[in-house]
Amino acid sequence: MIDKKEATTDLKSGKSSKSTADYAKYFQAPSLKDAKKRGKEDITVHYDFTIPEEMKQIGKGLHYLIRTYGCQMNEHDTETMAGIFEAMGYTATEDTMEADVILFNTCAIREGAEDKVFGELGHMKHLKRNNPNLILGLCGCMSQEEKVVNKVLRSYSEVDMIFGTHNIHRLPVLLRDAMFSKEMVIEVWSKEGDIIENMPKTRTGDIKAWVNIMYGCDKFCTYCIVPYTRGKERSRRPEDVVAEVRELARQGFKEIMVLGQNVNAYGKDFEDRKYGLGDLLDELRKIDIPRIRFTTSHPRDFDDHLIEVLAKGGNLVEQIHLPAQSGSSEVLKKMARKYTREHYMELVRKIKAAIPDVSLSTDIIVGFPGETEEQFQETLSLMKEVEYDSAYTFIYSPREGTPAASMVDNVPEEVKKDRLQRLMAVQNEISLRKNQEMVGKTYELLIEGESRKNPEVLAGRTRTGKLVHVKADKSLIGTLVHVTITEAKTFTTYGELVTKVEV
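Given the structure is predicted, the values throughout are model-derived calculations rather than measurements. (Residues numbered from 1 in each chain as written. Predicted model: local features only at pLDDT ≥ 70, side-chain atom pairs only at ≥ 80, totals over all residues. Heavy atoms only, no water.)

Draft legend 1. Quick look at the domain arrangement of the protein chain. Splitting the protein chain by domain gives domain 1 (24–187), domain 2 (200–437) and domain 3 (441–500). Inter-centroid distance (C-alpha atoms) of domain 2 to domain 3 is 25 Å. Here domain 2 meets domain 3 over a buried area of about 1,700 Å², counting both sides, of which 49% is carbon and sulfur. Of all residues in domain 2, the largest losses of buried area upon contact with domain 3 belong to Ile207, Arg291 and Asn435, amounting jointly to 38% of the total for that side. (Domains from an automatic or database assignment. Buried area = accessible area lost by both parts, 1.4 Å probe.)

Draft legend 2. Layout of the packing of aromatic side chains. Tallied over the full model, the rule gives 10 aromatic pairs. Seen in terms of ring centroids, Tyr266 and Tyr275 are 6.3 Å apart; in terms of plane orientation they differ by 70°. Their pairing is edge-to-face. Here Tyr266 and Tyr275 have matching classes, each one buried. On the basis of an interplanar angle of 45° and a centroid distance of 6.4 Å, the ring pair of Phe294 and Phe302 is categorised as tilted. Of the two residues, Phe294 and Phe302, both sit in the buried class. (Phe/Tyr/Trp six-rings, centres within 6.5 Å; stacked < 30°, edge-to-face > 60°. Buried < 20%, exposed > 50% of the residue type's maximum accessible area, 1.4 Å probe, protein only.)

Draft legend 3. Broad picture of the side chain of Glu187. On the secondary structure map, Glu187 appears in strand S7 (residues 185–187). Of the residues examined, Glu187 reaches a relative accessible area of 10% and is grouped as buried. Within the structure, the side chain of Glu187 is placed 2.8 Å from the side chain of Arg170, a separation counted as a polar contact. (Helix = DSSP H or I, 4+ residues; strand = E, 2+ residues; numbered from the N terminus. Polar contact = N/O pair within 3.5 Å; in protein donor to acceptor, adjacent residues only side chain to side chain.)

Draft legend 4. Up close: the sheet that holds strand S14 (residues 319–321). Ordered by their spatial adjacency, three strands build an open sheet running S14-S15-S16, and the pairing between neighbours is parallel. Whereas interior strands pair on both sides, the edge strands pair on one side only; in this sheet they are S14 and strand S16 (390–395). This sheet shows a mean twist of 10° between the axes of neighbouring strands, independent of strand direction. Bridge count for S14 against strand S15 (residues 359–366) is three bridges, and the pairing is parallel. Counterpart to Ile320 in the pairing with S15 is Leu360. The sheet contacts of helix H15 (residues 413–436) involve S15 and S16, and relative to S16 the element is tilted by about 175°. (Pairing = 2+ DSSP bridges. Axes fitted to C-alpha atoms, helices over the stretch in contact; angles between N-to-C directions. Contact = heavy atoms within 4.5 Å.)

Draft legend 5. Structural view of the nonpolar core. In this structure, Ile213, Leu281, Phe302, Ile320, Tyr344 and Ile351 are the most contacted members of the largest nonpolar core, which totals 67 residues. Not counting chain neighbours up to four residues away, the residues in contact with Leu281 comprise Val258, Ile292, Phe294, Leu306, Val309, Leu310 and Leu316. Formed by 30 residues, the second largest nonpolar core is a distinct cluster that contains Met124, Val159, Ile162 and Val188. (Core = buried A, V, L, I, M, F, W, Y, C linked by side-chain atoms within 4.5 Å.)

Draft legend 6. Representation of helix H9 (residues 238–250) within the structure. Relative to the 18 Å expected for 13 residues at 1.5 Å per residue, H9 spans 18 Å between its end C-alpha atoms, a close match to the ideal helical length. At the C-terminal side of H9, Gly252 shows a positive phi close to 95°. (Expected span 1.5 Å × (residues − 1).)

Draft legend 7. Examining the pairing of strand S17 (residues 442–450) more closely. Relative to strand S20 (residues 480–488), S17 runs antiparallel, the two being bridged by five bridges. In the sheet register, Leu446 faces S20, and the bridge partner there is Leu480. Sheet topology note: the S17/strand S18 (residues 458–462) ladder contains five bridges and is antiparallel. Paired with Glu450 across the two strands is Leu458, which belongs to S18.

Next comes the structure, spelled out in structure tokens:
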């Protein structure tokens, strides 16, 4: 625990005090050199998660609020923390004035995401003044960054606790310390080899569910902070994953999203068996649940066996997210993606040959340090050649502690923005054409809920992930139906109900 008034010195300043010395015990700055020394040993699975006796009803009559930023993994972490809160007697709220505990579950992928969190923390100061008993916490990926924690210590004394991505199971203890101490509680970078099973979860909805099958990433792309904030790759045991999916099927969930920072690397850390993502999905496809998806893939680990299993179909849907990041082999080398454009295109060819009706999506970064116009043109040509159904496109954002952050960022901001617009224009043209090709055809649709813009219209997704709006009775929410597409736009389609699917 760190005294908020004392802990105002940056660790790198060379100055020391009792507070910063204690702080150093809990924190490890990102280091490519040290991180690449990580081994595959010491991966321990714990099945004995419990809430301390004195914390089991500590939240009775109290409310918690979790604000979540970032990827599906963060959303899933929030479900786990919500489960822990409710196991302690807390009730969820969206009202900051009603909340007794507010957590910010953060993302560190881009600088803009961090700025947004700091802005939100600033808005909390008046709440803390009006309610001194309010507990404010910062968790998630930002908590793993030394510069972030130092900034909180210097400028956000209203924060009561900071904990990392490996410490979620410690939430009851950390909350207890924050409640009964006047000091800031900081705990990050605890033993990252641990996998904690049997933690409670409060799922968002009862139609779709996330199932995390592994943690961390060992790829060390030069632009990415994830290997530092999420740690080394650790896979859950197959029997634990299968048991969780079976339970979700029993509860009536219709779709499972299998999650991992680099989901294709699943099982590579096992020492007692040869077992990968293809083997796991081959088991999951035998479970009576209508749809199974997975994300996020890395092309380097997408093997032939996985393609063979996906081609079996069934509940394994025909949608694959396959981040390319760039269409230039030279840029890919600087990114340390460990594949070339040619390797990527051969993988796409194999996937399309095995799964002819597959829907492919991707991630693309423009303006990476040193990217030339010719290299950007290679990315445009890749998009046209692959013909993605959709793409997540980003301007390069340097992250402190990554190798790319020390590269000369010589692409002017206006050029980056121009390239992004040109990239999006190409993708939008492809997406519209592909959606228009759906008109007149009938598809299976999982109706997920009301349309955001019109509560009289329902929205759902096809097996290939296409968004469809349809007029139908609300009793069909959570069911599979057949719809015929009648109209198509760039980001959505519209259909007419044909019949309900029997499952």
